[in-house]
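Structural overview for review
Read off the chains here:
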Amino acid sequence: MQRLKLALIFFVALLLPGCGYNQFQTLDESIKAAWSEVLNQYQRRADLVPNLVNTVKGYAAHEKDVLQNVTDARAKVGSVSVNPELLNNEAAFREFQQAQSALSGALSRLIAVAENYPQLKADAVFRDLQAQLEGTENRITVARGRYIKTVESFNVLARSFPTNLTAKLFGYKVKPNFSVENEAALSRPPTVQF
Amino acid sequence: MLRSVLLLFVLFHLPLGVAAEQAVPALTGRVIDQTKTLSSNQREHIEGLSRSFEEHSGSQIAVLLVASTQPETIEQYAIRVAEQWKLGRKGIDDGVLILIAKQDRAARIEVGYGLEGRIPDVTAKRIIEDQMIPSFKAGNFYQGILNTVQTLIASITNEALPPPKRKAPSTPLNWSFILLVLFIIFWSFLSSYGNRRYLGRSYRRFGSPWYSGGFGGGGFRSGGFGGFSGGGGGFGGGGASGRW
């Protein structure tokens, strides 16, 4: 009987490395890091908005709608509370994504408006801000891409056998990913023509 | 029956005519020109600039000319290349990639994390607009690339980056050193086998230090081997693009 017990314990111990618990921990941390980076870049974009609005106002003050849109969108983005819990809450994540998407759309329209004002287009400050905005949009894309890759690894682990058993045991759910709705507006950087 | 099954099997595994992403070329040198725009003299001149800059400061600047980055945008392709080539030193991330898609008439400067202070997006954009595009519009790609590399070098030079590691000594010396020590140890064991009294005395100690970190974190130093490889640097999507 003793030997049987020992054999059983031995087999269970053999299975432990395969259960993926450690991998879950590593990937969870990677996801948090990747997500922080995404938030970082979104914040960087939000910080550009006041300068952009002021510069455009200097030349195109009567484009009130567009300017107000951007300011409102930025306020909305600021109000969506951002915390690590976002990753575990599908609804909150989607709300965050929609707020960012709205800001992207508003910024696109702002840049498009500038096309009608050649003086604004030629303004050095505006061109610098445009360069910064483009750079930030690209950084956002890169950060999101890396986040998506990390989430993919985590989700595959959470869904494959036998690690899905460990996931059920410890309550690891599939993490949210950026969805395709409004993706066209979100992924297209503000068009710039010189 | 068997034939039709085999046929189906083969058909299922045929690749579809989907537009595949462009492959990232192997990092065989500092200037890779797939469009054959630059003459070998011109290429060597730019490579020389990049090489001496790396020896001086540790940062890695590479130039890649492709015909087109389709179906991706130049930004998407550039970050893929940069992530694979890993220009710049690991941890310091001081790499710069200059990518030119000649047929697309697009160019991009991809800046590593560590250089984003000295070459922020605005500076990169200005370099593209002022140094690259005027020459490219006139069809003088060599001049545009040369100006760009020189301006980048000037911009980075003022950045307080860690100095490059000492160059690797020539390999024969390292190996003979190791062999010598191994021989001494082996010999001391042999002699001690017969006479234990000599065990302590026959083992000579070497006081001179080993050469430190031969290859360091920067990959191969091209001065020694003529090859070039990335140092493990990271990129975050910073930089700027331009079209002409």
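As a reminder, the structure under discussion sits directly above these lines.
Residues numbered from 1 in each chain as written. Chains lettered and ligands numbered in written order. Predicted model: local features only at pLDDT ≥ 70, side-chain atom pairs only at ≥ 80, totals over all residues. Heavy atoms only, no water.

**Section: the packing of helix α4 (residues 90–114) of chain A against helix α6 (residues 124–159) of chain A**
Residues and elements named next belong to chain A. For the record, the criterion: Interaxial angle, 0 to 180 degrees, is taken between N-to-C directions of lines fitted to C-alpha atoms, where a helix line uses only the stretch in contact. Strands here mean DSSP runs of E at least two residues long; helices mean DSSP runs of H or I at least four residues long; both are numbered from the N terminus. By the definition adopted for this analysis, an angle is roughly parallel if under 35 degrees, roughly antiparallel if over 145, roughly perpendicular if from 65 to 115, and oblique otherwise. A clockwise turn of the near helix away from the far one marks a right-handed crossing, whereas an anticlockwise turn of less than a right angle marks a left-handed crossing. Pairs of residues are marked as contacts when any of their non-hydrogen atoms sit within 4.5 Å. Under this grouping Gly is polar, as are all residues other than the nonpolar Ala, Val, Leu, Ile, Met, Phe, Trp, Tyr, Cys and Pro and the charged Asp, Glu, Lys and Arg.
The N-to-C vectors of α4 and α6 enclose an angle of 150 degrees; their axes lie 13 Å apart at closest approach. Between α4 and α6, the interaxial angle falls into the category roughly antiparallel. Taken as a pair, α4 and α6 cross one another with a handedness that is left-handed. Contact residues: α4 offers F93, L107, I111 and A114, while α6 offers F126, Q130, L133, E137 and Y147. Here the contact of α4 with α6 is composed, by residue class, of 7 nonpolar, 1 polar and 1 charged.

**Describing helix α1 (residues 2–15) of chain A**
Filter applied, for reference: Expected helix span is given by 1.5 Å per residue-to-residue step, counting one fewer step than there are residues. Classification of residues uses two cut-offs on accessible area relative to the type maximum, computed with a 1.4 Å probe and protein chains only: under 20% is buried, over 50% is exposed, and between them is partly exposed.
For α1(A), which comprises 14 residues, the first-to-last C-alpha distance of 20 Å matches the rise-based estimate of 20 Å (1.5 Å per residue) to within 8%. Counted residue by residue, α1(A) has 0 buried out of 14 residues, so it is predominantly exposed.

**Concerning the interface of chain A and chain B**
To keep it simple, the criterion reads: Buried area: the sum, over both parts, of the accessible surface (1.4 Å probe) that disappears when the two are put together. We define a salt bridge as a contact between a side-chain nitrogen of Lys or Arg and a carboxyl oxygen of Asp or Glu at a distance within 4 Å. Two N or O atoms form a polar contact when they lie within 3.5 Å of each other; inside protein one atom must be a possible hydrogen donor and the other a possible acceptor, and for residues adjacent in sequence the pair counts only when both atoms belong to side chains.
Across the contact, 14 residues belong to chain A and 18 residues belong to chain B. Interface area, chain A with chain B, both sides summed: about 1200 Å², of which 40% is carbon and sulfur. Sorting the residues of chain A by area buried against chain B places N138(A), R139(A) and R146(A) first, and these three jointly supply 42% of that buried surface. Taken together, chain A and chain B are joined by 4 salt bridges. One salt bridge connects E116(B) with R139(A), and the closest N-O pair in it is separated by 3.3 Å. Linking chain A with chain B are 7 residue pairs in polar contact (both at pLDDT 80 or more).

So yeah, pure geometry; function would need other evidence.
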